[in-house]
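Structure assessment
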Amino acid sequence: MEFFVSTASPSRQRTDCAIVGVYDKGVLSAAAEDLDARIGGRIAKLVKRGDLRGKTGDAVLLADLSGAPVERVLVLGLGNRSAFKRKQYRKALASALAALSKTGARDAISYLGLDEIGDVDAYTQARVVVEAVAASQYRTPDHKTSNKRPKPTLVKFGLAVASRGDKGQAERGITHGEAIVGGMALMRDLANQPANVCTPSYLARTAKSLAKDYKKLNVRVLNEAECKRLGMGSFLSVTEGSDEPAAFIVFEYYGAERSQAPTVLVGKGVTFDTGGISLKPPAGMDEMKFDMSGAASVFGAMKAVVELELPLNVVGIVPACENMPNGRATKPGDIVKSMSGQTIEVLNTDAEGRLILCDAITYSRRYKPEVVIDLATLTGACVIALGNHLSGLFSNDDELAAELKAAGERADDRAWHMPIGEEYGEALKSNFADMANVGGREGGAITAACFLAKFTDGLRWAHLDIAGTAYQGGANKGSTGRPVPLLVDYLLNKK
Ligand code: BES
Ligand code: MN
Ligand code: ZN
């Protein structure tokens, strides 16, 4: 897809499809007025006939026009003028793209942003446009032998802005937007693959091929023997019952002086979570192929960072394995020793995410990181607490939490700051080891975060529980690409 920014008026610019808006009560946007003057008032007539009420999301396509160099005009309802903000802008764009995908248009220009939009500047508009186009064109790597969805015909998309100054801003927004959607697509491709394709070795191979594509990206993969030498008894206890070899994947990107402390991203890479000996019930278990979404988001964020060549140092750490039951599998009550030296009583083998993350967090210390952020589909309890809209955000540093929360808001990939603390940590007491890997049912997302916090002494650390946000179930089952937008926005805004 090629994106461009234009300052020409709709009545003068050649295109396969001009996208203009009408507010409620039949109020034409300035762009619609301008165009309508050349095409014989077709838009005004449409409104007058009552065929377009101006409700946000309504769309009517006009063709066979003369007077302006446009093949088609897509007229969109934008709702109330003063209520038209970023959320409505996103919604309107999504329905424009849905309507557009049913036409043969190869290129299009959106004039929706020519009017002032309350909370959207030209930079943000461009990012939203790129994200909307990418979302409408994403195709999952499916394994269907027939009924393939046709390839989109749209190959070029323009964004009209009011001034030269806005043009520069919008172009920057396009560059950032393209990196974000590229990262999201990588995440979604990985997470959507079934677990018999996307194994730990597959993730390792993908990481290596990414390093081939980008000279500035280094990748190292540690095998189980190397992890054992490092003392990662907790990580390895999870892979014990699987025939697939585990992989510990490390990305390094140095965009600043080597002496500058890096940001470390740690992603949970359980390529399939059966629960292990604490076996999960069958309903919906297929969705546990998405249990490597944290890992996939690290892949996506790393790709965006190298694509943008950000002036930062960023390290990505992905402990990858399966959680399976077999004769060698870890059993409830088994005690394992983590890389930190602390011992853990594994009371529930289904609480495996924290067991692999704690060793990855300990490993991150060798980088003397500025911050460590882990991403994980860690608990069903987080989905109960926050549903599918916001990720759970936990941190031992309120300032870091605030920065991540703000990044999520800017990127429309929101997270909610949740508590941690000694009171909650109490639930993890064990009679036989330094800690148990589970507390009770209550506050399950919080006790999971408190478990991780036991490995973060002296680190600035945050944890995003993305169990509810990283993928969708139901008819549109699949990876959402979240939290790549939040992560990239955070990195873009790092001072
Ligand atoms: N991968 C799951 C968490 C999960 C559940 C993600 C549902 C997405 C949807 C995790 O490994 C897990 O099984 N957690 C347990 C923890 C419990 C045993 C303390 C859970 O949430 O039930
Ligand atoms: Mn589990
Ligand atoms: Zn899991």
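As a starting point, this report considers the structure included with it. (Residues numbered from 1 in each chain as written. Chains lettered and ligands numbered in written order. Predicted model: local features only at pLDDT ≥ 70, side-chain atom pairs only at ≥ 80, totals over all residues. Heavy atoms only, no water.)

Turning our attention to the coordination of the manganese ion (ligand 2). Tetrahedral coordination by four donors places them ideally at 109.5 degrees to one another around the metal; octahedral coordination by six donors ideally gives 90 or 180 degrees. Within the protein, Asp 273 (OD), Asp 350 (O), Asp 350 (OD) and Glu 352 (OE) serve as the donor atoms for the manganese ion (ligand 2), at 2.0 to 2.2 Å. One can describe the donor arrangement at the manganese ion (ligand 2) as irregular, given that its six donor atoms subtend angles of 71 to 168° at the metal. If you list the donors of the manganese ion (ligand 2) from N- to C-terminus, the spacing comes out as D-x76-D-x1-E. Between the two metal centres, the manganese ion (ligand 2) and the zinc ion (ligand 3), the spacing is 3.2 Å, with Asp 273 acting as a shared donor. With Asp 273 in strand E11 (residues 269-273) and Glu 352 in the loop between strand E14 (343-346) and helix H10 (353-364), the pair connects residues that are 79 residues apart, well separated along the chain. Under the relative-accessibility criterion, Asp 273 is labelled buried at 3%. Here Glu 352 falls in the buried class, since its relative accessible area comes to 1%. (Donors = N, O, S within 2.8 Å, 3.2 Å for Na, K, Ca; no water. Tetrahedral: all angles 85-135°; square planar, octahedral: opposite > 155°, others 65-115°. Helix = DSSP H or I, 4+ residues; strand = E, 2+ residues; numbered from the N terminus. Buried < 20%, exposed > 50% of the residue type's maximum accessible area, 1.4 Å probe, protein only.)

A word on the pattern of salt bridges. Scanning the entire structure with this criterion turns up 22 salt bridges. As a salt-bridge pair, Arg 220 and Glu 252 come within 3.1 Å of each other at their nearest N and O atoms. Taken together, the positions of Arg 220 in strand E8 (residues 217-222) and Glu 252 in strand E9 (residues 247-254) put the pair 32 residues apart, joining distant regions of the chain. The exposure class of Glu 252 is buried, given its relative accessible area of 13%. Between Lys 280 and Asp 273 there is a salt bridge, with the nearest N and O atoms lying 3.9 Å from each other. Classification of Lys 280 as partly exposed rests on a relative accessible area of 21%. One continuous salt-bridge network, built from bridges that share partners, spans Arg 86, Arg 90, Glu 131 and Asp 412. (Salt bridge = Lys/Arg side-chain N within 4 Å of Asp/Glu carboxyl O.)

Moving on, we get to the nonpolar core. Counting residues in hydrophobic clusters, the biggest one holds 60 residues, and the most contacted among them are Ile 249, Phe 251 and Phe 299. It is helix H9 (residues 293-308) that provides the largest number of residues to this core, a total of ten residues. Beyond its immediate sequence surroundings of up to four residues, Phe 299 is in contact with Leu 186, Leu 190, Leu 203, Thr 206, Ala 207, Leu 210, Ile 249, Phe 251 and Val 318. In terms of nonpolar packing, the next biggest core, distinct from the first, is built from 46 residues, Cys 227, Ala 360, Tyr 363 and Met 435 among them. (Core = buried A, V, L, I, M, F, W, Y, C linked by side-chain atoms within 4.5 Å. Contact = heavy atoms within 4.5 Å.)

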